[in-house]
Amino acid sequence: MKKKVTNYIIIIGTVLFVVGFYAIFIKAGLPYLDPTPEMTRRWMLYYNVGKVTMPIGIGLVLASLFLKLLNYLNKK
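Residues numbered from 1 in each chain as written. Predicted model: local features only at pLDDT ≥ 70, side-chain atom pairs only at ≥ 80, totals over all residues. Heavy atoms only, no water.

*Asks:* A description of the overall build of the protein chain should follow, citing residues and the corresponding values.
*Replies:* In terms of regular secondary structure, the protein chain is built from two helices and zero strands. Taking the principal axes of its C-alpha atoms as reference, the protein chain extends roughly 60 × 15 × 15 Å. For the protein chain, buried positions account for 16% of its 76 residues. A sequence separation of at least 24 residues applies to 76% of the contacts in the protein chain between residues at least 6 apart. Accessible surface, the protein chain: about 6,100 Å² in total, of which carbon and sulfur atoms supply 73%. (Helix = DSSP H or I, 4+ residues; strand = E, 2+ residues; numbered from the N terminus. Buried < 20%, exposed > 50% of the residue type's maximum accessible area, 1.4 Å probe, protein only. Contact = heavy atoms within 4.5 Å. Areas by Shrake-Rupley, 256 points an atom, 1.4 Å probe, with all protein chains shown as cover.)

Below you can see the structure in the form of structure tokens.
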């Protein structure tokens, strides 16, 4: 059962990382030189979503890989 849970956590973490990467680098992209206030708000929204979700995704993947390593070492 623990093996399935850690696999699901890895998948969720990877999805969160991809969503954050997409939000920062594809949706937000580079800001315009002279943006309107609406464009600035939209850029900040996408950038902040990516800035929050990418570290959470990386943390979930690393934590679940650490749990997999602990389970492997306990079986030895």
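*Asks:* Residue-level account of the packing of aromatic side chains, with values.
*Replies:* The tally for this structure, following the rule as stated, stands at three aromatic pairs. Consider the rings of W43 and Y47, whose centres lie 5.2 Å apart with planes at 5 degrees: the pair is stacked. Remark: Y47 and W43 occur in helix α2 (residues 37-75); sequence separation between them is four residues, near one turn of the helix. A residue is classified by how much of its surface remains accessible, and Y47, at 30% relative accessible area, is partly exposed. (Phe/Tyr/Trp six-rings, centres within 6.5 Å; stacked < 30°, edge-to-face > 60°.)

*Asks:* Tell me about the layout of surface pockets, and please be specific about residues and values.
*Replies:* Here the largest pocket defines a volume of roughly 190 Å³. The set of elements that each furnish at least two residues to the lining of the largest pocket consists of α1 (2-28) and α2. When residues of the lining of the largest pocket are assigned to their parent elements, the largest contribution, five residues, is made by α2. Tallied by class, residues from the lining of the largest pocket come to eight nonpolar, one polar and two charged. (1 Å grid on protein atoms, 1.4 Å probe; cavity = no way out; pocket = protein on both sides within 12 Å on 5 of 7 lines; lining within 4 Å. Points joined across faces, edges and corners; volume = space filled by probe spheres on them. Nonpolar A, V, L, I, M, F, W, Y, C, P; charged D, E, K, R; others polar.)

*Asks:* Mind laying out a nonpolar patch on the surface, listing which residues take part and the relevant values?
*Replies:* Taken together, F66, L67, L69, L70, Y72 and L73 make up a surface patch of nonpolar side chains, about 570 Å² in accessible area. Within the secondary structure layout, L69 lies in helix α2. (Patch = residues over 30% accessible without salt bridge, like charges linked within 9 Å, V, L, I, M, F, W, Y side chains within 5 Å. Salt bridge = Lys/Arg side-chain N within 4 Å of Asp/Glu carboxyl O.)

*Asks:* How would you explain the side chain of T6 if you had to name every residue and give the values?
*Replies:* Looking at the secondary structure, you find T6 in helix α1. For T6, a relative accessible area of 4% translates into the label buried. Look past the residues within four positions of T6 in its chain and what remains in contact with it is S64, L67 and K68.

*Asks:* Break down the environment of Y46 for me, with residues and values.
*Replies:* As for its position among the elements, Y46 is in helix α2. If sequence neighbours within four positions are ignored, Y46 has contacts with A23, I24, K27 and A28.

*Asks:* Can you tell me about α2, naming the residues and giving the values?
*Replies:* For α2, with 39 residues, the first-to-last C-alpha span of 57 Å sits near the 57 Å given by 1.5 Å per residue. Taken together, the buried positions of α2 are occupied by G50, T53, M54, G57 and S64. (Expected span 1.5 Å × (residues − 1).)

So, to be careful, I would describe these as geometric facts and stop short of saying anything about function.
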